[in-house]
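A structural walkthrough
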Amino acid sequence: MSDGKGLRPKGEKIVHTMCASHCGGACLLRVHVKDGVITRIETDDGREPQLRGCLRGRAYRQRVYAPDRILYPLRRVGNRGEGKFERISWDEALDRTAGELKRVRDTCGPASIMLAQMTGDVCTLNNFGGLERLLNMFGGHTSPWGITSFHAGVYASLVTYGTYFCSNTRDDLPNSKLIIMWGWNPADAVNGPNTCWYLAKAREAGARIVCVDPRFTDSAATFANQWIPIRPGTDTAMLLAMAYVMVKGKLHNQAFLDKYTIGFDKFRDYVVGVSDGVPKTPHWAEAITGVPAATIVHLAQDYAMVKPAALMTGIAPGRTANGEQYHRAAITLAAMTGNVGIHGGDAGARAWESVMGGFPYPTNPMVSAIDRAPNPVEKAYPRKPGPFSYREPRVHFSRLADAILKGKAGGYHADFKALVIAQCNYLVQFPNSNKIAEALKSLEFVVVEEQFMTPTAKYADIILPVATFLERNDLTYGVGSAYIGAVNKVIEPRGECKPPWRIAAELAKRMGIEGYVDKSEEQILEERATANGVYDYRRFKKKGVYRLNMLIPYVAFRKQIEDLEKNPFPTPSGKIEIYSQQWADLGIPGLTAIPQYFENKEGPNDPLARKYPLQLVTSHLKRRALSQFENIPWLKELQHHAVMINTHDAHIRGIKDGDMVRVFNDRGTIDIRAWVTERIMPGVVDVPHGAWYSPDGRGVDRAGCANTLTSEEYSPGGSFTYNTALVEVAKAS
Ligand SMILES: Nc1nc2c(c(=O)[nH]1)N[C@H]1C(S)=C(S)[C@@H](COP(=O)(O)OP(=O)(O)OC[C@H]3O[C@@H](n4cnc5c(=O)[nH]c(N)nc54)[C@H](O)[C@@H]3O)O[C@H]1N2
Ligand SMILES: Nc1nc2c(c(=O)[nH]1)N[C@H]1C(S)=C(S)[C@@H](COP(=O)(O)OP(=O)(O)OC[C@H]3O[C@@H](n4cnc5c(=O)[nH]c(N)nc54)[C@H](O)[C@@H]3O)O[C@H]1N2
Ligand code: SF4
Ligand SMILES: [Mo]
């Protein structure tokens, strides 16, 4: 029955809200509610471009009413990981949590309390910061460092451009004549709400679209004229060879480089081999990347000569062992071709959320409050030098398990006793799940804020039940698009669930913290919204969205390019730093002053490749958002969780499409279905991450969780290396 013209069952109302799911799409949801129950979910059907929700958002009803939803506070009664819990009251759960944290703080010191907090939903209030502030006011804690998604992208952008607000809005894509989707797959891994819409428009307008990716992705299948498969972790080599072609053919934009950049001469010397005797020729790159030299030459020529051109670099190639070099090399090419700061161009830098460049978007009030409640554990330490600045002592997020297991004996600054986990499926989403499971078993106290009995939650002593975004108020924003979304409470929280910020506020009371919050939720949100340009808050809440008034697409660095004198780049030199003195000064091996290629450990030339000959990538799956939605039946029907393996690699291992196979290395073994296909290049396999780790007691993860196989090594700059790992695949016995 249509709902639009009042044709809806009696007593049913439609509430507009913005989907705040972790994919970052921020689409409009029109939620039908009858008698306090969600009956169905539709999406935007208004004017184009619509903020049209995907199947995950439209299936959110199943997430809210899922049978495995955690509705009450729980206390563990079985062993850690066993999943046996009993219901307790909020009073008991909060008292126990506050009591245990106090005990650890008073007996072992606040540094023994670790916080593992992630995104949950892309929201302003119920997001990062709430617990950080709480624990800071409590006496401090150990914070992790490292951004799971785009650490390399952010760091490279900060060093080279002085900011990570580097992207044009997506509505600028149709102005491009050439779009290079480099490890960028917005048709699967949502990258802003209307990205594919604008890619389609660009294609209709005649743009040539090329995809550089080990996989023939849905983005490639839908939009690309050409697919260039490349070995994971070798992108820098191909980018350098493209620079070589441009330099040798004098195709680069020297005037642009002279005016807006520093250090191109040193980069050129490295590229042509003056400084190290190795010219970075297309043949040199072919041997490393697997991309034919002629293909590299053609792409370099096209990128240099077709104007304007957008090098849309994804962040996945940055999640590799030397990921920051890839981002720096890509930015350098964008400068060499003069595509920075113009319509239809792109600065070649990317950090998933930072495409909001230049737009006000509502930051978490708690985060801004953190500066007013600094972490006492970190107070005595100086800020780290360089643009990625934080205070020690911290532990890289991928090493929390190692730190928990080894403590001071392993050179860490404390022995860790308690872990607070919030909006995070730590065991599933972080590298080396088997080791994380071991670490979680060893702790004295683990509290988890959850909506579901995830593998991580099974290791909790106390589980605090969290309301979904359909059961609470908040603000959200679209990646790469100029609007702010109202997250409206559509129904009352189920059971005894509470929004995360409420849980933090109630914990504060039990922990003896005063002044944690001094405003109502509504006050906080209205203030944030109006401070970000929403002039009619009531109307905004009703419509669910506030579109910022933009007459033309936003172009990052337009001001710098139009008038550099008045608007220098926010770098030390005021220019784009192809040569970075900041990195030279840090003296960290791998963070070189100019972009350089380094061969990754766990790459095809590693001796380990004799034992584990296949390179693993771990993509973001269309039907999940990270590990969320994994338990939703409607979505499970849409897509198998399977390892993509090339027909040739499968054939020599006797594997047929649909077979159960074992993917393994020294870190672990998973059972998973095989997807035998030409859509992935030989030598590479893809296990999409997010399956709920489920070890069988004999060392085999039956769920096929990618992080059972990934490495806790991080790149020189601190990027996670989810896409650098070697594995072997065999038929499951
Ligand atoms: N549906 C859906 N959308 C999402 C998410 C989700 O889980 N599901 N997650 C959201 C989040 S939090 C984030 S951070 C973003 C992540 O977005 P991305 O990081 O862009 O997503 P990925 O799928 O990891 O990678 C994109 C492509 O890079 C390729 N790739 C991997 N390694 C390499 C490499 O070394 N070189 C090259 N050239 N290509 C490589 C993969 O094959 C893949 O096709 O997506 C967001 N959107
Ligand atoms: N191998 C591999 N691993 C990866 C990646 C990869 O590319 N490869 N990508 C990484 C990236 S980019 C990211 S961002 C991280 C994400 O890592 P996580 O943020 O840990 O991943 P999520 O699956 O979103 O887990 C959030 C959990 O919090 C719970 N939760 C608690 N409170 C809330 C709430 O208020 N709202 C919601 N919606 N959920 C809540 C959810 O039920 C869910 O279990 O994973 C990283 N892991
Ligand atoms: S694309 Fe993301 S934000 Fe949009 S409806 Fe789907 S899950 Fe929600
Ligand atoms: Mo992410």
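Residues numbered from 1 in each chain as written. Chains lettered and ligands numbered in written order. Predicted model: local features only at pLDDT ≥ 70, side-chain atom pairs only at ≥ 80, totals over all residues. Heavy atoms only, no water.

**Things to note about the site of ligand 3**
Put simply, the rule is: Distances are taken per atom, and a residue is near a molecule or strand as soon as one of its heavy atoms is within 4 Å of it. Basically, the charged four are Asp, Glu, Lys and Arg, the nonpolar ten are Ala, Val, Leu, Ile, Met, Phe, Trp, Tyr, Cys and Pro, and anything else, Gly included, counts as polar.
Neighbouring ligand 3 are the residues Cys 19, Ser 21, Cys 23, Gly 25, Ala 26, Cys 27, Gly 53, Cys 54, Arg 56 and Gly 57. Split by residue class, the shell around ligand 3 holds five nonpolar, four polar and one charged.

**Points about the packing of helix α8 (residues 235-248) against helix α10 (residues 264-272)**
Condition: Axis angles are defined between N-to-C directions and span 0 to 180 degrees, where every axis is a line fitted to C-alpha atoms and, for a helix, only to the segment in contact. Helix numbers and strand numbers start at the N terminus; a helix is a DSSP run of H or I with at least 4 residues, a strand a run of E with at least 2. An angle below 35 degrees is read as roughly parallel, one above 145 as roughly antiparallel, one from 65 to 115 as roughly perpendicular, and any other as oblique. Any two residues whose heavy atoms approach within 4.5 Å are treated as being in contact.
Contact geometry for α8 and α10: axes closest at 9 Å, N-to-C directions at 100 degrees. Considering the angle they form, α8 stands roughly perpendicular to α10. Where α8 abuts α10, its residues Leu 240, Ala 243, Tyr 244, Val 247 and Lys 248 lie against Phe 264, Phe 267, Arg 268, Tyr 270, Val 271 and Val 272. When grouped by side-chain class, the residues that make up the contact of α8 with α10 number nine nonpolar, no polar and two charged.

**A short note on the sheet that holds strand β3 (residues 37-43)**
Under the convention used in this document: Only strands joined by at least two bridges in the DSSP assignment are considered to pair.
Across the sheet, which stays open at both edges, the three strands sit in the order β1-β2-β3 with antiparallel pairing between neighbours. A strand with exactly one partner marks an edge of an open sheet, and here the two such strands are β1 (12-18) and β3. Taking each pair of neighbouring strands and ignoring which way they run, the sheet shows an average axis angle of 30 degrees. Across six bridges, strand β2 (residues 28-34) lies against β3 in antiparallel orientation. Within the sheet, the bridge partner assigned to Val 33 lies in β3 and is Ile 38.

**Some details on the sheet that holds strand β9 (residues 208-212)**
One key point about sheets: their strands pair by backbone hydrogen bonds, in either a parallel or an antiparallel sense. In space, the four strands of this open sheet follow the order β10-β9-β8-β12, with parallel pairing throughout. Pairing within the sheet leaves two strands with one partner each, and these edge strands are β10 (226-228) and β12 (309-313). Between one strand and the next, the sheet's axes are offset by a mean angle of 15 degrees, whatever the strand orientation. Direction of pairing for strand β8 (residues 178-182) relative to β12: parallel, over a ladder of five bridges. Within β12, the position partnered with Met 181 by the bridge is Met 312. Helix α12 (residues 293-305) contacts β8, β9, β10 and β12 of the sheet and is inclined by roughly 130 degrees relative to β8.

**Some points on the pattern of salt bridges**
Applied cut-off: When a carboxyl oxygen of Asp or Glu lies within 4 Å of a side-chain nitrogen of Lys or Arg, that pair is called a salt bridge. Burial classification: accessible surface area is computed with a 1.4 Å probe over protein chains only, and a residue below 20% of its type maximum counts as buried, one above 50% as exposed, and the rest as partly exposed.
Inspection of every chain in the model, using the stated rule, returns 47 salt bridges. Taking the shortest distance from any N to any O, the salt bridge between Asp 44 and Arg 547 comes out at 3.9 Å. Placement of Asp 44 in the loop between β3 and α1 (55-58) and of Arg 547 in strand β19 (residues 545-547) is noted, with a sequence separation of 503 residues between them. Residue Arg 547 is classed as partly exposed on the basis of its relative accessible area, which comes to 29%. A single salt-bridge network, built from bridges that share partners, covers Arg 662, Asp 671, Asp 696, Arg 698 and Arg 702.

**Regarding the packing of helix α4 (residues 130-138) against helix α18 (residues 500-510)**
Packing of α4 against α18 brings their axes to within 9 Å, and their N-to-C directions diverge by 10 degrees. By the angle class used here, α4 and α18 are roughly parallel. Of α18, the residues touching α4 (which contributes Gly 130, Leu 131 and Leu 134) are Ala 504, Leu 507 and Ala 508. Partitioned by chemical class, the residues of the contact of α4 with α18 number five nonpolar, one polar and no charged.

**Comments concerning the domain arrangement of the chain**
To keep things clear, this is the line we draw: Segmentation into domains, and thus their bounds, comes from an automatic or database assignment. Summed over both partners, buried area is the accessible surface (1.4 Å probe) that two parts give up on being assembled. A 3.5 Å cut-off defines polar contacts: any pair of N or O atoms within that distance qualifies, except that in protein one atom must be a possible hydrogen donor and the other a possible acceptor, and neighbouring residues in sequence count only when both atoms are side-chain atoms.
Split into domains, the chain comes out as domain 1 (74-149 + 368-469 + 491-517), domain 2 (152-353 + 572-586) and domain 3 (607-731). For domain 1 versus domain 2, the distance between C-alpha centres works out to 38 Å. Across the contact, eight residues belong to domain 1 and ten residues belong to domain 2. Summing the contributions of domain 1 and of domain 2, the shared interface buries around 740 Å²; its carbon and sulfur component is 76%. At the boundary of domain 1 with domain 2, the tally comes to zero salt bridges. Here domain 1 and domain 2 share one residue pair in polar contact (both at pLDDT 80 or more) between them. Each residue belonging to the side of domain 1 that touches domain 2 can be placed in one class, and the counts come to five nonpolar, three polar and no charged.

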